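Structural characterization, general
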Amino acid sequence: MFYRISGRRTQTILPVDAAYIIYTGSINGSKKILESGVGTGNLSYSILNSINASGKLVSVDIDKQNIENARKNVYSLINPNNWELINGDIKTFKTEELFDTIILDMPEPWECVDNLKNNLKFGGYFITYSPTFNQAEKNVLSLNKNNFTVLETVELIKRNILVRENATRPDNNIIGHTAFITIAVKLNVL
């Protein structure tokens, strides 16, 4: 639903990818989440529906128009009191807050790992969403260099089936690639 009303201006995280990010990032209950690259607000909306009122979502985007578009789209469906939108650069973003999960959907997430690693709780998830192999590789190398354990990098492909009597077959409209999702966890390294 959100995908259809969002007035897509940027690449949008599709529901299949959003669901996987929320599940693998353990986003639920009263968790505190930091995301950057809000785009249309699709992932923001999904996160806000997954956390409760004592949870918190902080969304940072360098593009003021993305912030306004995401705000408009999300508030057209829900009225969250636990969402902070910040127009700023995540590469230089500073906060004292600790987050349970950090999600970056931006061109060079590997450039942010060193800046954000101290804002992630031990056992917290660091997730990147990147469209190319080269970006996924740089993400993994940066996370490994910064003492994260990379659990996986995946690509999710959804294939709809057209069900008709005596003519059931795969749909011709397949989304073959959206992005590579890298899931890493911060361990308490002694």
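The sections below set out a description of the structure shown in this document. Computed from a predicted structure; not experimentally measured.

So, how was this worked out
Throughout this document, residue positions are counted from 1 along each chain, in the order its sequence is written. Reporting of local features is limited, given that this is a predicted model, to residues whose pLDDT is at least 70; pairs of side-chain atoms are given and counted only at 80 or more, and all residues count toward the totals for whole chains, interfaces and linings. Excluded from the side-chain calculations are hydrogens and water; all other atoms, namely the structure's heavy atoms, are used. The pairing criterion is simple: DSSP has to find at least two bridges between the two strands. The helix count covers DSSP runs of H or I at least four residues long, the strand count covers runs of E at least two residues long, and both are numbered beginning at the N terminus. Fitted lines through C-alpha atoms give the axes, limited to the stretch in contact for helices. The angle between two N-to-C directions lies from 0 to 180 degrees. Contact criterion: two residues are considered in contact whenever any of their non-hydrogen atoms come within 4.5 Å of each other. In these notes the angle categories are as follows: under 35 degrees is roughly parallel, over 145 is roughly antiparallel, 65 to 115 is roughly perpendicular, and the rest is oblique. Each crossing is labelled by how the near helix is turned from the far one, with a counterclockwise turn of less than a right angle marking it left-handed and a clockwise turn marking it right-handed. Asp, Glu, Lys and Arg are counted as charged, while Ala, Val, Leu, Ile, Met, Phe, Trp, Tyr, Cys and Pro are counted as nonpolar; the rest, among them Gly, fall into the polar class. The term nonpolar core refers to a set of buried residues drawn from Ala, Val, Leu, Ile, Met, Phe, Trp, Tyr and Cys, joined through side-chain atoms within 4.5 Å. Buried means the residue's accessible area, taken with a 1.4 Å probe over protein chains only, is under 20% of the maximum for its type, while exposed means over 50%, and partly exposed covers the values in between. When two rings of Phe, Tyr or Trp (its six-membered ring) have centres within 6.5 Å they constitute a pair, described as stacked for plane angles under 30 degrees, edge-to-face for angles over 60, and tilted for the intermediate range. Whenever a carboxyl oxygen of Asp or Glu lies within 4 Å of a side-chain nitrogen of Lys or Arg, that contact is scored as a salt bridge.

Turning our attention to the sheet that holds strand β9 (residues 180-186). Pairing within the open sheet is mixed, and its seven strands lie in the order β3-β2-β1-β4-β5-β9-β6. In this open sheet, the two strands that pair with only one neighbour each are β3 (83-87) and β6 (148-154). Each adjacent strand pair in this sheet contributes to an overall mean axis angle of 15°, direction not counted. Pairing between strand β5 (residues 120-130) and β9: six bridges, direction antiparallel. Bridging from a neighbouring strand, Y125 pairs with V185 of β9. Sheet strands in contact with helix α4 (residues 64-75) are β2 (56-61) and β3, and its direction is about 160° off that of β3.

At their nearest, the axes of helix α2 (residues 15-24) and helix α3 (residues 42-50) sit 10 Å apart, and the two run at 45° to each other. As the angle between them shows, α2 and α3 are arranged oblique. The hand of the α2/α3 crossing is right-handed. Contact residues: α2 offers P15, A18, I21 and I22, while α3 offers N42, L43, S46, I47 and S50. Within the contact of α2 with α3, the residues separate by chemical class into six nonpolar, three polar and no charged.

Moving on, we come to the nonpolar core. By size, the foremost hydrophobic cluster in this structure holds 25 residues, and its most contacted members are I47 and I103. When residues in this core are grouped by element, the largest group, four residues, is from α3. When residues no more than four places from it in sequence are discounted, the contact partners of I47 are I22, I27, I33, L57 and I103. By size, the runner-up hydrophobic cluster in this structure holds 17 residues, among which are V58, I90, F93 and M106.

This part is about the pairing of β5. For strand β4 (residues 99-104) and β5, the ladder comprises five bridges, and the chain directions are parallel. Counterpart to F99 in the pairing with β5 is L120.

Summed over all chains, the structure comprises three aromatic pairs. Taking 6.1 Å as the distance between ring centres and 20° as the angle between the ring planes, the aromatic pair formed by Y75 and W83 counts as stacked. Taking relative accessible area as the criterion, Y75 reaches 35% and is therefore assigned partly exposed. Summarising the aromatic geometry, the rings of F126 and F148 are spaced 5.4 Å apart at their centres and angled 65° between planes, so their arrangement reads as edge-to-face. With F126 in strand β5 and F148 in strand β6, the pair connects residues that are 22 residues apart, well separated along the chain.

Where β2 and β3 come together, five bridges link them in parallel fashion. In the sheet register, L57 faces β3, and the bridge partner there is W83.

For the structure on display, the rule yields eight salt bridges. The salt bridge involving K91 is made with E108; its shortest N-O contact spans 3.2 Å. Note that K91 is positioned in the loop between β3 and β4 and E108 in the loop between β4 and α5 (113-116), a separation of 17 residues in sequence. Take E108: its relative accessible area is 29%, and that puts it in the partly exposed class. Its salt-bridge partner being K91, residue E111 comes within 2.8 Å of it at the nearest N-O pair. Of the two residues, E111 sits in the loop between β4 and α5 while K91 sits in the loop between β3 and β4, which places them 20 residues apart along the sequence.

The next point concerns α3. Among the nine residues in α3, seven count as buried, and that is most of the element. By the burial criterion, the buried members of α3 are N42, L43, S44, Y45, S46, I47 and L48.

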